[in-house]
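Commentary on secondary and tertiary structure
Residue strings, one per chain:
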2 protein chains.
Amino acid sequence: MGTLPARPDSEDRPITAPTPLTQNRPTDDTAAADLRNRLFFRLYQTANLLNKTGTRALEQHGVTTQQWAILGALADRRSSGGISVGDLTQLLMVSRQNLTGVLARLEARGLIQRMVDEQDKRSRVIGLTDKGRQTWADMQPQIADFYSASLSGFSSADISAAMHYLEDLRRNFIEVERAQGESTDRSAEA
Amino acid sequence: MGTLPARPDSEDRPITAPTPLTQNRPTDDTAAADLRNRLFFRLYQTANLLNKTGTRALEQHGVTTQQWAILGALADRRSSGGISVGDLTQLLMVSRQNLTGVLARLEARGLIQRMVDEQDKRSRVIGLTDKGRQTWADMQPQIADFYSASLSGFSSADISAAMHYLEDLRRNFIEVERAQGESTDRSAEA
DNA sequence: CTAATTAGGTCAACATGTTTACGGATTATT
DNA sequence: AATAATCCGTAAACATGTTGACCTAATTAG
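Residues numbered from 1 in each chain as written. Chains lettered and ligands numbered in written order. Predicted model: local features only at pLDDT ≥ 70, side-chain atom pairs only at ≥ 80, totals over all residues.

**Things to note about the interface of chain A and chain B**
- In this assembly, 77 residues from chain A lie in contact with 80 residues from chain B.
- For the side of chain A that touches chain B, the elements supplying multiple residues, two or more each, are α1 (28-57), α2 (65-75), α3 (85-92), α5 (130-150) and α6 (156-183) of chain A. (Contact = placed C-beta atoms within 7 Å. Helix = DSSP H or I, 4+ residues; strand = E, 2+ residues; numbered from the N terminus.)

**Focus: the nonpolar core**
- Counting 88 residues, the largest nonpolar core has A:Leu43, A:Leu71, A:Leu74, B:Leu43, B:Leu71 and B:Leu74 as the members making the most contacts within it.
- Not counting residues within four places of it along the chain, the set of residues in contact with B:Leu43 comprises A:Thr46, A:Ala47, A:Leu50 and A:Leu166. (Core = buried A, V, L, I, M, F, W, Y, C linked by C-beta atoms within 7 Å. Buried ≥ 20, exposed ≤ 12 C-beta atoms within 10 Å, placed from the backbone.)

**Notes on the sheet that holds strand β3 (residues 124-128) of chain B**
- Reading across the sheet, the three strands line up as β1-β3-β2 (chain B) and stay open at both edges, with antiparallel pairing between neighbours. Both outer strands of the open sheet, β1 (83-84) and β2 (112-116) of chain B, are each paired with one neighbouring strand and no more. (Pairing = 2+ DSSP bridges.)

**Points about the protein's contact with DNA strand D**
- Close to DNA strand D lie 26 residues; A:Thr64, A:Ser95, A:Gln97, A:Asn98 and B:Gly86 are nearest.
- Of all elements in the fold, only α2 and α4 (96-108) of chain A together with α1 (28-57), α3 (85-92) and α4 (96-108) of chain B reach the threshold of two or more residues within the surface near DNA strand D.
- Of all the elements, α4(A) adds the most residues to the surface near DNA strand D, at five residues.
- Here the surface near DNA strand D is composed, by residue class, of five nonpolar, 13 polar and eight charged. (Near = placed C-beta within 6 Å. Nonpolar A, V, L, I, M, F, W, Y, C, P; charged D, E, K, R; others polar.)

**Thoughts on the protein's contact with DNA strand C**
- Neighbouring residues of DNA strand C: 25 residues in total, closest A:Ser84, A:Gly86, B:Thr64, B:Ser95 and B:Asn98.
- Those elements that place two or more of their residues in the surface near DNA strand C are α1, α3 and α4 of chain A together with α2 (65-75) and α4 of chain B.
- Of all the elements, α4(B) adds the most residues to the surface near DNA strand C, at five residues.

Written as structure tokens, this is what we have:
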């Protein structure tokens, strides 16, 4: 490692430089930009780690974080009747094409099943199989351990506050996504 | 710990068909488990959206969020002499093999260059090319717009607090990762 | 009853991430 | 000097994400 900069350790510093465009003007502007840079970089890093450590925590069940999220959604009481693919894409914030692949893998393993919705025969209702329910139950100890380890030092208030910030961020992202879709004219209808 | 199934969402209803679920009164345990579930699910959703909207925001530059992160790290003043691949993997929290691919793409586009470190000839020093510096400069307006839109409604204190929570979470994840590596004995190191 | 819309599947191309494994060069250790 | 450890590239297999395009079936709007 040696003398090269960029130390992710302890009290690390900004990752991206304050925009060189604004030149050296150590005003509130550059400080604010720096703060924003760090926030998004933290989000990027933390998300990478969530997938890595989360998948490894459930390694013995052969379930990735994405599959974990899907199984969790299906295990929810409110999903007892099953969830349509469309609702799932909106819930997980991923594309339909991507979800098809993950669902195919889960179906191949016998954890979920696809049934035609009798109300709307275009729609497929995704639901847990008995094996899927069993797998979900088996996962709980590892999930609990993962939560405890990952939230070490977090009080209930901390968790609540963190979730609140993430929720606001998510909501803004959704708005950004909507605006981007508009400019590119993807689903112009309103 | 909680033994009830996860509920990725509690506020956004539009998940599935109307399924009234006025059931047993939630104890503190289930409420705590619910809170944790939602936090991690929010993180998962938000990360998905960050990559999606972030990449699209920089679409005109053909730069993804990952490349964005790398260019930002290289543009940092502390990286003026370049960054080693090893430092980059630690900074971005991704594997070396993954980084090789992304760096190859950036190098093919002429945005970065790899040089042999004269101090340690095993090490490659990654640095921005002039074209990379120019691209980074060109990206700044879109980055600023993206930040503004994504952080709409966030005060400086909010950003700071959100970053703090993400940092704590990240630190815990790193600890989890270390523990996982120990148990599986991947990189046995003290 | 046509016509448009919607719900999903599928296929393809691509970028990103993981893992295991091997190899080559260099540096550090004994 | 021989051995070990480190840095990095490469390869393969896999899961995950994106986009675009095309297709089928079913529902809905005219």
